[in-house]
Amino acid sequence: MVNEIDRQTYWLFNRDFGIIPSKVYYMFCDKAEEQIYEFGWDETFKSWKKYLFTECKTPESAINFANLFWSYGGQDHPVSEPYEFLGYFYFRIDFDMENYDAGGILDSLAIDLLPKAGYSYADPNINCDYVPELDPRIISAAKAWKSAGL
């Protein structure tokens, strides 16, 4: 049985980021904000992460999730285990930034989420040379996902 927070999460993320009409887009953003307010960020993130790990099995679906996560303000909150989270995206796209992340959503997520988690070397104000796909910790996390045989 699916609980209320997971039902809401499924509703928020089970859509194509690229084809949401602008009037509807803001309704989804408001609903995400309400979910965070109602359940708190920690529980919301657990549900969102569970959706990512169970529903996003292709490069396209992982990048779609990343774009929705950003649109819903996920980057504005601290993320527990940011390397596990970020590594999942890089694992799914097999570090093929050109074909799957031409817009740079994963770079944006990394440079927002990692400093919030205490990894200041990813802060562009401190290290303008930081490149997420070259980060040994992200590479290691992606390899761990690959080793899991998903």
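All values reported here derive from a predicted model rather than from experimental measurement.

**Structural notes on the environment of Phe 39**
Here comes step 1: Among the structural elements, Phe 39 can be located in helix H2 (residues 22-39).
Here comes step 2: On the basis of relative accessible area, Phe 39 is assigned to the partly exposed category, the value being 27%.
Here comes step 3: The contacts of Phe 39, once residues within four sequence positions are left out, are Glu 4, Ile 5, Gln 8 and Thr 44.

**Some remarks on the pattern of salt bridges**
Here comes step 1: Per the counting criterion, the structure on display carries six salt bridges.
Here comes step 2: Put simply, Lys 49 and Glu 84 hold a salt bridge, and the shortest N to O gap is 3.4 Å. Here Glu 84 lies in helix H5 (residues 82-93) and Lys 49 lies in helix H3 (residues 41-55), a separation of 35 residues in the sequence.
Here comes step 3: The exposure class assigned to Glu 84 is partly exposed, which follows from its relative accessible area of 26%.

**Overview of the side chain of Thr 9**
Here comes step 1: Residue position: Thr 9 is located in helix H1 (residues 4-13).
Here comes step 2: Ignoring any residue separated from it by four or fewer positions in sequence, one finds Thr 9 in contact with Gln 35, Ser 47, Trp 48 and Tyr 51.

**Focus on the state of the cysteines**
Here comes step 1: Taken as a whole, this structure holds zero disulfides when the rule is applied.
Here comes step 2: Its sulfur unpaired, Cys 29 is 17 Å from the next cysteine sulfur, which belongs to Cys 56.
Here comes step 3: Classification of Cys 29 by relative accessible area gives buried; the value is 14%.

**Observations regarding H2**
Here comes step 1: Under the 1.5 Å per step criterion, the end-to-end length of H2 is 26 Å for 18 residues, consistent within 8% with the ideal 26 Å.
Here comes step 2: On its buried face, H2 is in contact with H1, H3 and helix H4 (59-71).
Here comes step 3: Just downstream of H2, Gly 40 is the residue with a positive phi angle, here 85°.

**A word on the environment of Ser 140**
Here comes step 1: Position of Ser 140 among the secondary structure elements: in helix H8 (residues 136-147).
Here comes step 2: For Ser 140 and Thr 58, which are 82 residues apart along the polypeptide, the C-alpha to C-alpha distance reads 20 Å.

**Digging into the packing of aromatic side chains**
Here comes step 1: According to the stated counting rule, one finds 28 aromatic pairs in the structure shown.
Here comes step 2: Centroid distance Phe 13 to Phe 65: 4.4 Å. Interplanar angle 20°. Geometry classified as stacked. Here Phe 13, found in helix H1, pairs with Phe 65, found in helix H4; they are 52 residues apart in sequence, far enough to count as distant. Taken as a pair, Phe 13 and Phe 65 share a single burial class, namely buried.
Here comes step 3: Ring plane angle 80° and centroid distance 5.3 Å describe the contact between Phe 13 and Tyr 72, whose orientation is recorded as edge-to-face. With Phe 13 in helix H1 and Tyr 72 in the loop between H4 and H5, the pair connects residues that are 59 residues apart, well separated along the chain. Like Phe 13, the residue Tyr 72 is buried in the burial classification.

**Some points on the nonpolar core**
Here comes step 1: By size, the foremost hydrophobic cluster in this structure holds 43 residues, and its most contacted members are Trp 48, Phe 65, Phe 69 and Leu 106.
Here comes step 2: Those elements that provide at least two residues to this core are H1, H2, H3, H4, H5, helix H7 (105-116) and H8.
Here comes step 3: Setting aside anything within four residues of it in sequence, one finds Phe 65 in contact with Phe 13, Trp 48, Tyr 51, Leu 52, Cys 56, Phe 85 and Phe 89.

Conventions adopted
- Residues numbered from 1 in each chain as written.
- Predicted model: local features only at pLDDT ≥ 70, side-chain atom pairs only at ≥ 80, totals over all residues.
- Heavy atoms only, no water.
- Helix = DSSP H or I, 4+ residues; strand = E, 2+ residues; numbered from the N terminus.
- Buried < 20%, exposed > 50% of the residue type's maximum accessible area, 1.4 Å probe, protein only.
- Contact = heavy atoms within 4.5 Å.
- Salt bridge = Lys/Arg side-chain N within 4 Å of Asp/Glu carboxyl O.
- Disulfide = S-S within 2.5 Å.
- Expected span 1.5 Å × (residues − 1).
- Phe/Tyr/Trp six-rings, centres within 6.5 Å; stacked < 30°, edge-to-face > 60°.
- Core = buried A, V, L, I, M, F, W, Y, C linked by side-chain atoms within 4.5 Å.

Fair warning: the whole summary comes from geometry, so function is off the table for now.
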